[in-house]
Amino acid sequence: MPLTNNKVADDGSAGEAKTPEEGKAMVDCLVKVVACHRHLASCVGGSTDGPDLRQELRQTRERGLELTLSCRQHLTTRLRDKALPEAERKDAELLWVAFSSSLELLHADMCKVFKMGNNFSLANTCALVQTGMQGDTKEVAARALSLPDLQYEQKSQSDSVERQELSQLEEEIAQVDRTIEDMELKVNVLRWTVEARGPQYGELVSTDSASIALVDEDEEAPGRGRKLTPVILALCGVAIGAVVIAVCVVFFA
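Moving on, we come to the packing of helix H1 (residues 20-41) against helix H3 (residues 86-119). Here H1 crosses H3 at 25 degrees, and the two axes come no closer than 9 Å. Between H1 and H3, the interaxial angle falls into the category roughly parallel. The interaxial crossing formed by H1 with H3 has left-handed handedness. Contacts from Gly 23, Lys 24, Val 27, Leu 30, Val 31, Val 34, His 37, Arg 38 and Ala 41 of H1 reach H3 at Leu 95, Ala 98, Phe 99, Ser 102, Leu 105, Leu 106, Asp 109, Met 110, Lys 112 and Val 113. Looking at the contact of H1 with H3 residue by residue, the class counts come to 12 nonpolar, three polar and four charged.

What follows is the structure, given as structure tokens:
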């Protein structure tokens, strides 16, 4: 099986200009791909590990690196545009935070896959941890890659091919690490200054009777609390008296 080496380019000059809607769609797609890669990475070294999982990881990682290049080019160009309106700049900064955070998660998971791949070789499947998980992950990978289905040939992976893939993964990890450092130099967006916005911060969605009843109970709570105060004080007095009597019995018996 031939190996390809798709890396994140050092410069952000590749690709054509895209609309803000296309940029948002690319970032959303990258987030989905990174989430899929994280799910697949958690299975490395377990009972569901195998050649199919490693190939799904490779394909998902390559797709994530392709999207990284496109998102980086688009957002870098927009954020370095001095004439960009304030509203569009805020949207671009929000996308930049989502993009850079996703890239850092992808980098961390790539490091995890590299380490676990070195510890758990497919040449010795007896060493895999029997986690109890069953089934395959090709449906998850197919959705992230926007493919109808993934079909693989059932064959064992040689040790030399596995070492070659791990060597390629190590190079990609180093390249992503350099890309993250370069991004911080080209675009200075402080994450804690970017305000999250979206429908999840809008009006209350649930208006059922149960929620209304809870609100009514909360509104009535202060008056009811005042009525219960004397009862609570009486119970506390009884408890203190019982403690005092117990102490007296111990010392004067």
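Another point: the layout of surface pockets. One water molecule sets the probe size; rolling that probe over the atoms shows where empty space is left. Considering only enclosed or pocket space, the largest pocket measures out at about 350 Å³ in volume. Along its surface, the largest pocket is lined by 16 residues, and Lys 24, Asp 91, Ala 92, Leu 94 and Leu 95 are the ones closest to its centre. Among the elements of the structure, H1, helix H2 (51-79) and H3 are those that each provide at least two residues to the lining of the largest pocket. For the lining of the largest pocket, the class distribution of residues is eight nonpolar, one polar and seven charged.

The full count for this structure, using the stated rule, is one cavity of 30 Å³ or more. Each pocket or cavity is described by its volume, and for the largest cavity that value is around 160 Å³. Around the largest cavity, the lining is made up of 13 residues, and of these Arg 54, Val 113, Glu 165, Leu 166 and Leu 169 lie nearest the centre. Looking at the lining of the largest cavity, the elements with two or more residues in it are H2, H3 and helix H5 (159-186).

When you line up the elements, Asp 28 lands in helix H1. We classify Asp 28 as partly exposed; its relative accessible area is 40%. Taking the C-alpha atoms as reference points, Asp 28 and Leu 95, separated by 67 residues in sequence, lie 9.0 Å from one another.

Right, let's get into H1. With 22 residues, H1 should reach 32 Å at 1.5 Å per residue; the first-to-last C-alpha distance of 31 Å fits that figure. For H1, the full list of buried residues reads Gly 23, Met 26, Val 27, Cys 29, Leu 30, Val 33, Val 34, Cys 36, His 37, Leu 40 and Ala 41.

What counts, and where the lines are drawn
Residues numbered from 1 in each chain as written. Predicted model: local features only at pLDDT ≥ 70, side-chain atom pairs only at ≥ 80, totals over all residues. Heavy atoms only, no water. Axes fitted to C-alpha atoms, helices over the stretch in contact; angles between N-to-C directions. Helix = DSSP H or I, 4+ residues; strand = E, 2+ residues; numbered from the N terminus. Parallel < 35°, antiparallel > 145°, perpendicular 65-115°, else oblique. Left-handed = near helix turned anticlockwise from the far one by under 90°. Contact = heavy atoms within 4.5 Å. Nonpolar A, V, L, I, M, F, W, Y, C, P; charged D, E, K, R; others polar. 1 Å grid on protein atoms, 1.4 Å probe; cavity = no way out; pocket = protein on both sides within 12 Å on 5 of 7 lines; lining within 4 Å. Points joined across faces, edges and corners; volume = space filled by probe spheres on them. Buried < 20%, exposed > 50% of the residue type's maximum accessible area, 1.4 Å probe, protein only. Expected span 1.5 Å × (residues − 1).

Function cannot be inferred from these measures alone, as they are strictly geometric.
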